[in-house]
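# Notes for the structure review
Here are the chains, one letter per residue:
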Amino acid sequence: MKIFTSSQLALIDSYTIINEPVSEADLIKRAAKQLYEWIKPLVSKKEVINIFAGPGNNGNDAIALTSILATRDYLCNLYLINGRSVRSELRKELLNEVYVFGSVNVKFVESESEIPQIPSGSLVVEGIFGTGLNRCAEGIYCPLIDKINTSGAKIISIDMPSGLFSEDNSSADQNKIIRADFTLTFEFPKLCMFFKENAQYVGKWSVLPIGLHKEIVDKTESLLTMLNRDLISSYIKKREKFSHKGDYGHALLIAGSYGMAGAAVLSAKGALRAGAGLLTLHIPRLLYDIIQVSVPEALCSVDKSDEFFTGSDNLQKYDAVAIGPGLGTAPETLTGLKKLFSQYQNPIVIDADALNIIASDADILKELPKNSILTPHPGEFSRLAGYSNSSYEAVMKQSEFSVKNGVIVVLKGAHTSVTTPSGHIYFNSTGNPGMATAGSGDVLTGVILSLLSQGYPPETAALAGVYLHGLAGDLAAEHYGEQSLISGDIPEYLGAAFKQL
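Conventions and cut-offs
Residues numbered from 1 in each chain as written. Predicted model: local features only at pLDDT ≥ 70, side-chain atom pairs only at ≥ 80, totals over all residues. Heavy atoms only, no water. Buried < 20%, exposed > 50% of the residue type's maximum accessible area, 1.4 Å probe, protein only. Helix = DSSP H or I, 4+ residues; strand = E, 2+ residues; numbered from the N terminus. Pairing = 2+ DSSP bridges. Right-handed = clockwise from strand over helix to strand, strands pointing away. Disulfide = S-S within 2.5 Å. Salt bridge = Lys/Arg side-chain N within 4 Å of Asp/Glu carboxyl O. Axes fitted to C-alpha atoms, helices over the stretch in contact; angles between N-to-C directions. Parallel < 35°, antiparallel > 145°, perpendicular 65-115°, else oblique. Left-handed = near helix turned anticlockwise from the far one by under 90°. Contact = heavy atoms within 4.5 Å. Nonpolar A, V, L, I, M, F, W, Y, C, P; charged D, E, K, R; others polar. Phe/Tyr/Trp six-rings, centres within 6.5 Å; stacked < 30°, edge-to-face > 60°. Lys NZ or Arg CZ within 6 Å of the ring centre and 35° of its normal.

## Focus: the pairing of strand β9 (residues 250-254)
Here β9 lies mainly inside the structure; five of its five residues are buried. Covered by surrounding structure in β9 are His250, Leu252 and Ile254 together with Ala251 and Leu253, the residues of both alternating faces. In this sheet, strand β10 (residues 278-283) lies alongside β9 in parallel orientation, the contact comprising five bridges. Residue Leu253 lies in a different strand from β10, and its bridge partner there is Leu281. Remark: the β9/helix α9 (residues 261-273)/β10 crossover connection has right-handed handedness.

Structure below.
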C-alpha cells in the first residue's frame, strides 16, 4: 500500500471528484459512512456523542457523520469551530442535512468561553484540522485541544489527530495536538503514523477505504510503501513436486561466541523454518556440542578459535551468507570480518555485533558487497549513521545511508522500516510489543538469510523476511500473549505465517 504526502492526497481527491466522476459532497458522505460503520459498535444510543468540526474538509467529514448518526437516532452535539466564517455552498449543504434532525444540538464555538464541558468517559469525534495543516494550532484551537485532551473522554480523530503534521513533526508543539485513542484515516496511512513519537497522539489507527480513483493512485509515484499481505503474497514462491533440498539453497550462518550460543541457535531455527534447503552454522569450537544438540538439522563448520569467529573458508559454495548474531567484537573477529567481505562478493546479511564492528571502523563500509542487508536496531543504527533527534530524521538518514552505500537497511522497531539503494522506504504492518524480547532480531536474521539463499532478490528477501517474522510473532502472541512471548516461539509459528500467505 502506497503512502502519499498531504499534497499528493489533495491531488488524488481532486482527480477522483473530476474523473469518477463524483461530487465533493458525495465523496465526503462516502467517507462519513465508513466512519459510522467503524464507530457504531463502540457507542450506544443512550449516550451523547460530542462532535467537533473545524472549518476545513475534516470538519465537513464530521458534519456528514453527524447526519448519518442522527438518521439512526444517535444523540449528537455538533460544535462548529469558527464556523460562522465558513460560507461555502458545500458547508451549507451539509449543515442543512443536519438541521433536519431536531435531535442534533448544533452550536458555534467562536471564543474560549463557548468551549463546552466534556464529560469524562463520553465519546468525542474530532475533525478540527486535516492533513493539510502546515503550522501549529493558535487562537481558540489551543484551549479547545487542551480541553478535549484533559476531559477523560474517549477520543476518535478523523483522518489525522488535529495539530499533528502528516510527515515531519519536529517543529510541532506537543501541547497543541489532539491525543486520540483512535485515528480513522482514509484510504492510505500517513507517514507520521509509523513513528514512535507520534503514538501518543495517533493511538490505534485504522485505514478506511473511500474509493479514491484507482487510476490516479496507480499513476502517482511514491517512494513510501506499507507492506501488506497482498504485496508479500505475490513474492512467495511455491515449491515444485519433484524438487529437492539443493533447489532451496545452501545458507551459511556465522554466529555465536563463548556465552552467546543462544543467538546462533535462534537465528538457525529462523533460517530452517523459513525454508532453507541446507544450513551450515560456522561457530567457535566450544559451541559445537550445543549446536549439534539444539539444531540437529544444521551442518557445523568449526572455527579455529575456541571462543570467537576468526574466519571461514570455501565461501563460494554457499548461496547466501549472514553474520552477526552473538558474534562478539574480539580483534580477531574484526580481521575475520574484513576477510569475509574481501572473499565473498554476493550480498551478505549483517546483524548485531558485525554491525558494531563496522561502526567502529568506517573503512569497512566501503568493502560491503552491494545490496547487502543490514539489520540494525535503533542503537546500532545510531552508531552507524549518527544520532537522530526524531524517528522522521532517523528514517531519512536510513534512506540516505542505503543510497550512499548501495545497501538495504532494515531498521527494527514497531513498524520496521526497510530502505533500498533506489531510495524506496517500506514500513512493516505486522508484529507486536511481545516481540520486544531478547533474540527476536536473531530470528529475523535467519529468516532473511534463508530467503536470500533460496534465490529471492535481496530487496524481496528483506521485505518478505520482515513481514513473515512479524506475522509469526503475531500468531505466537495469539497463543501465548504478548507478555509471555519469547523469541524461540517465533520460528515455531513461521509455518503458520507462510500458510496465511
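What follows continues from the structure just given.
## Notes on the state of the cysteines
Where two cysteines share a covalent bond between their sulfur atoms, that bond is called a disulfide. A complete count under the given rule lists zero disulfides for this structure. Of the cysteine sulfurs around Cys136, a residue in no disulfide, the closest is that of Cys142, at 8.5 Å.

## Comments concerning the pattern of salt bridges
Throughout the structure, instances matching the rule amount to 19 salt bridges. When the shortest N-O distance is used, the salt bridge between Asp159 and Lys190 registers 3.1 Å. With a gap of 31 residues between them, Asp159 in the loop between β5 (154-158) and β6 (182-186) and Lys190 in the loop between β6 and α6 (199-202) connect regions that are remote in the sequence. With respect to burial, Asp159 and Lys190 carry one shared label: buried. A salt bridge links Lys412 to Asp351, with the nearest nitrogen and oxygen atoms 3.3 Å apart. Here Lys412 is found in the loop between β15 (408-411) and β16 (417-419), whereas its partner Asp351 is found in the loop between β13 (348-350) and α12 (352-360), with 61 residues between them in sequence. By relative accessible area, Lys412 is classed as buried at 17%. Given the relative accessible area of 1%, Asp351 is considered buried. In the salt-bridge network here, residues are joined through shared partners; they are Lys29, Glu93 and Glu97.

## Describing the packing of α12 against helix α13 (residues 378-385)
Contact geometry of α12 with α13 gives a least axis separation of 8 Å together with a crossing angle of 20°. Of the possible angle classes, the one that applies to α12 and α13 is roughly parallel. Seen along the crossing, α12 lies across α13 with a hand that is left-handed. Every residue of α13 that contacts α12 at Ala352, Leu355, Asn356, Ile358 and Ala359 is listed here: Glu380, Arg383 and Leu384. The residue inventory of the contact of α12 with α13, partitioned by class, reads five nonpolar, one polar and two charged.

## Details of the pairing of strand β12 (residues 320-323)
When a strand is regular, its side chains alternate between the sheet's two faces. Burial of the side chains of β12 extends over both faces: Ala320 and Ala322 are buried on one face and Val321 and Ile323 on the other. By the bridge criterion, four bridges tie β9 to β12 in an arrangement that is parallel. Within β12, the residue paired with Leu253 across the bridge is Ala322. As paired elements, β12 and β13 share three bridges and run parallel to each other. Looking across to β13, one finds that Ile323 is bridged to Ile350. Running through helix α11 (residues 331-343), the crossover from β12 to the neighbouring parallel element β13 is right-handed.

## Concerning the packing of aromatic side chains
Inspection of every chain in the model, using the stated rule, returns eleven aromatic pairs. An aromatic cluster is present here, built from Phe194, Phe195, Trp205, Tyr392 and Phe427 joined pairwise through their rings. Sitting above the plane of the Tyr248 ring, Arg239 keeps its charged end 3.7 Å from the centroid.

## Re the sheet that holds strand β8 (residues 224-226)
Strand order in this open sheet of ten strands is β8-β17-β16-β15-β14-β13-β12-β9-β10-β11, and the pairing throughout is mixed. Of all the strands in the sheet, just β8 and β11 (299-302) have a single pairing partner and so form its edges. Two strands pair when backbone bridges link them, and β10 and β11 are joined in this way by four bridges, in the parallel orientation. What sits directly across from His282, in β11, is Ser301. Lying over the sheet, α9 contacts β9 and β10, oriented at roughly 165° with respect to β10.

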